[in-house]
Amino acid sequence: MRGIIHESGERVVLLTSRGRRIGGRVALGLVSMAVLGVTGYAWTQLSRLDAGIVTADVIAPSAQLPDGPVGEPLQVAQNILLVGIDSRTGPDGNPLPQNVLDALHAGDSEDGGDTTDTMIVVHIPAGGAAATAISIPRDSYVDIAGGFGKHKINSAYSRGKNAAMNSLRAQGLTGAQLEVKANEAGAKLTIQTIEQFTGLSINHYAAVNLAGFSALSEAVGGVEVCLKEPVQDKFSGASFPAGKQLLSGPQALAFVRQRHGLPSDLDRIARQQAFLSSMAKTVLNAGTFTDPSRLSALVGAIQGSVVLDRGWDVLSFAQQLRGMSSGALKFQTIPVQSLSLPTPSDGDAVKVDPAQVKAFVKSALSSTTVAAVGEPTGGIGVKPVAATSSVAAPPSSSASSSTSSKSSTSSAPPALDGCVN
């Protein structure tokens, strides 16, 4: 890191012809549920999804919202926390098979540490026709809720989970049951930390693990991405040529998980946003909801990979968001001040200003400007495959003008316009 960096924050993503993790990973599950009300068959499949999905008691009573009238647009604005967890267990608490971990280049059941590699807060205003997704860099150095002190924000999950283990064992819990309840504690601390950091109240929670993201991308028949340069990374298993390509399964996971060889972790976020926008585009426009086998595979993948907060009525929620299929999904990233902040015990972290982040979030969510399908918008910066513009986040008072100018005027060559690192 040379000097102070300002993240190019806003990526406006139109749901035109194609979305971790996952990280972002879980946004597919959200978008899928949002549009599964289009046909009678799709509605039947959503009923099946609602009956079989794993849930967790993680939302505080004060943040729970009443269900709106069935079939009517969303009555109240909602904030949904989507997380991609670097976990080697399934939603049911059982370890993932070693052959699955091998295929995903995920080590073994002892690796990972249950950190949240992807954190995205999705704000859906009343009416439900559009959404704003705000990415939070996983290494942001913040105050962890619950008195844990300052650490990287992605450690909140593992800290909450590990702190609960002894008391849960004392209650007689073991095996998968222990894992599930400990995961709830991790999710609660993550939610509390995000709320404290952003100033938002989290109303819903969705999480997906490594294998789940792979399964979701396979279920939709692959996702188109575009790279500026060829990639070879033995750690994530990423091995891709430059240009556009269709990725699914372990390849898709490698695309959004790769850290080594990228200029910074912000480039990883750009990949996740580009991938999720392209994935959403695929789900909404590739006949997923009129193809029985593809729709069944998608529902099965969500059931086997996604954990939702208990009490989230996905049937009602999907009906309320039917308009989103003709709206827009806008991606943004919180402003950062440095990518190389030395810390006492966590190595280099991402320096953020909580007051600046709260102001940025408030401004982002108060904007009502969201482009409709097919409407081109001007913009600056490198653009993901399905994105139409990139606007710099509000500058820090200490940001250098030369760095800001450099980040806001760079663009990809015409042949690679829309590609990411």
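Basis of the calculations
- Residues numbered from 1 in each chain as written.
- Predicted model: local features only at pLDDT ≥ 70, side-chain atom pairs only at ≥ 80, totals over all residues.
- Heavy atoms only, no water.
- Helix = DSSP H or I, 4+ residues; strand = E, 2+ residues; numbered from the N terminus.
- Buried < 20%, exposed > 50% of the residue type's maximum accessible area, 1.4 Å probe, protein only.
- Areas by Shrake-Rupley, 256 points an atom, 1.4 Å probe, with all protein chains shown as cover.
- Salt bridge = Lys/Arg side-chain N within 4 Å of Asp/Glu carboxyl O.
- Phe/Tyr/Trp six-rings, centres within 6.5 Å; stacked < 30°, edge-to-face > 60°.
- Lys NZ or Arg CZ within 6 Å of the ring centre and 35° of its normal.
- Axes fitted to C-alpha atoms, helices over the stretch in contact; angles between N-to-C directions.
- Parallel < 35°, antiparallel > 145°, perpendicular 65-115°, else oblique.
- Left-handed = near helix turned anticlockwise from the far one by under 90°.
- Contact = heavy atoms within 4.5 Å.
- Nonpolar A, V, L, I, M, F, W, Y, C, P; charged D, E, K, R; others polar.
- Polar contact = N/O pair within 3.5 Å; in protein donor to acceptor, adjacent residues only side chain to side chain.
- Pairing = 2+ DSSP bridges.
- Core = buried A, V, L, I, M, F, W, Y, C linked by side-chain atoms within 4.5 Å.
- pLDDT = per-residue confidence, 0-100.

Participant: Whenever I open this one, the overall build of the chain confuses me. Can you help?
Facilitator: For the chain, the count of helices and strands is twelve helices and 17 strands. Within the span of the chain, comprising 421 residues, buried residues form 56% of the whole. Here the chain displays about 16,100 Å² of accessible surface, and carbon together with sulfur accounts for 52% of that area.

Participant: Would you take a moment to explain the pattern of salt bridges for this structure?
Facilitator: Close approach of charged atoms allows side chains of opposite charge to pair. Summed over the entire model, instances satisfying the criterion amount to six salt bridges. Its salt-bridge partner being Glu-184, residue Arg-310 comes within 3.5 Å of it at the nearest N-O pair. Taken as a pair, Arg-310 in the loop between strand 13 (306–309) and helix 10 (314–320) and Glu-184 in helix 5 (residues 175–198) lie far apart in primary sequence, 126 residues in all. The buried category is assigned to Glu-184, whose relative accessible area is 5%.

Participant: Hey, could you run me through the packing of aromatic side chains in this one?
Facilitator: Aromatic ring pairs are reported here in terms of the distance separating the ring centres and the angle at which the planes meet. Going through the model one piece at a time under the given rule, you end up with two aromatic pairs. An aromatic cluster is present here, built from Phe-240, Phe-255 and Phe-275 joined pairwise through their rings. Taking the ring centre of Phe-255 as reference, the NZ or CZ of Arg-271 above it sits at 4.8 Å.

Participant: What should I look at first to understand the packing of helix 4 (residues 156–170) against helix 5 in this one?
Facilitator: Relative placement of two packed helices is described by the angle separating their axes and the distance separating the axes. The geometry of helix 4 relative to helix 5 is characterised by a closest axis approach of 7 Å and an angle of 140° between their N-to-C directions. The orientation of helix 4 with respect to helix 5, classified from their angle, is oblique. The hand of the helix 4/helix 5 crossing is right-handed. Contacts between helix 4 and helix 5 pair Ala-156, Tyr-157, Arg-159, Gly-160, Lys-161, Ala-164, Met-165, Leu-168 and Arg-169 from the former with Leu-178, Glu-179, Lys-181, Ala-182, Asn-183, Ala-185, Gly-186, Ala-187, Leu-189, Thr-190 and Thr-193 from the latter. For the contact of helix 4 with helix 5, the per-class residue count stands at ten nonpolar, five polar and five charged.

Participant: What is the right way to look at the side chain of Thr-193 in this model?
Facilitator: Structurally, Thr-193 can be placed in helix 5. Under the relative-accessibility criterion, Thr-193 is labelled buried at 0%. Of note is the side chain of Thr-193, whose polar atom sits 2.8 Å from the backbone oxygen of Leu-189. Not counting the four nearest positions on each side in its chain, Thr-193 is found in contact with Val-142, Asp-143, Ile-144, Ala-145, Ile-153 and Ala-156.

Participant: Could you clarify how one ought to interpret the pairing of strand 13 in this entry?
Facilitator: In summary, the side chains of a regular strand alternate between the two faces of the sheet. Neither face of strand 13 is open: one carries Val-306 and Leu-308, the other Val-307 and Asp-309, and all of them are buried. Pairing analysis gives three bridges linking strand 2 (residues 54–56) to strand 13, with the strands arranged parallel. Counted as the bridge partner of Thr-55 is Leu-308 from strand 13. Note: strand 8 (residues 204–208) against strand 13, three bridges, orientation antiparallel. Of the residues in strand 13, the one forming a bridge with Ala-206 is Leu-308.

Participant: Where do I start with helix 6 (residues 210–219) in this structure?
Facilitator: Each α-helix winds once per 3.6 residues, and so residues spaced three or four apart point in a common direction. With eight of its ten residues buried, helix 6 lies for the most part within the structure. Buried residues of helix 6: Leu-210, Ala-211, Gly-212, Phe-213, Ser-214, Leu-216, Ser-217 and Ala-219, and no others. Count one or two residues on from helix 6 and you reach Gly-221, which has phi positive near 85°.

Participant: Would you take a moment to explain the nonpolar core for this structure?
Facilitator: Across soluble globular proteins, nonpolar side chains show a tendency to be buried alongside one another. Of all hydrophobic cores here, the largest spans 44 residues; its most connected members are Val-122, Phe-240, Phe-255 and Phe-275. The next biggest cluster of nonpolar side chains, apart from the first, holds 38 residues, and it includes Val-58, Ile-59, Val-307 and Ile-334.

Participant: I tried to follow the confidence of the model for the chain on my own but got confused; where do I start?
Facilitator: Summing up the model confidence of the chain, the mean pLDDT is 73 and the portion of residues at 70 or higher is 66%. When mean pLDDT is taken per element in the chain, strand 6 (residues 141–144) scores highest with 98 and strand 17 (residues 387–391) scores lowest with 27. Here residues 31–38 is a poorly scored stretch, pLDDT under 50, and it has 28 contacts once near neighbours within four places are set aside; other chains count. Note that residues 368–414 has pLDDT below 50 and, in this model, 93 contacts with residues that lie over four places away or in other chains.

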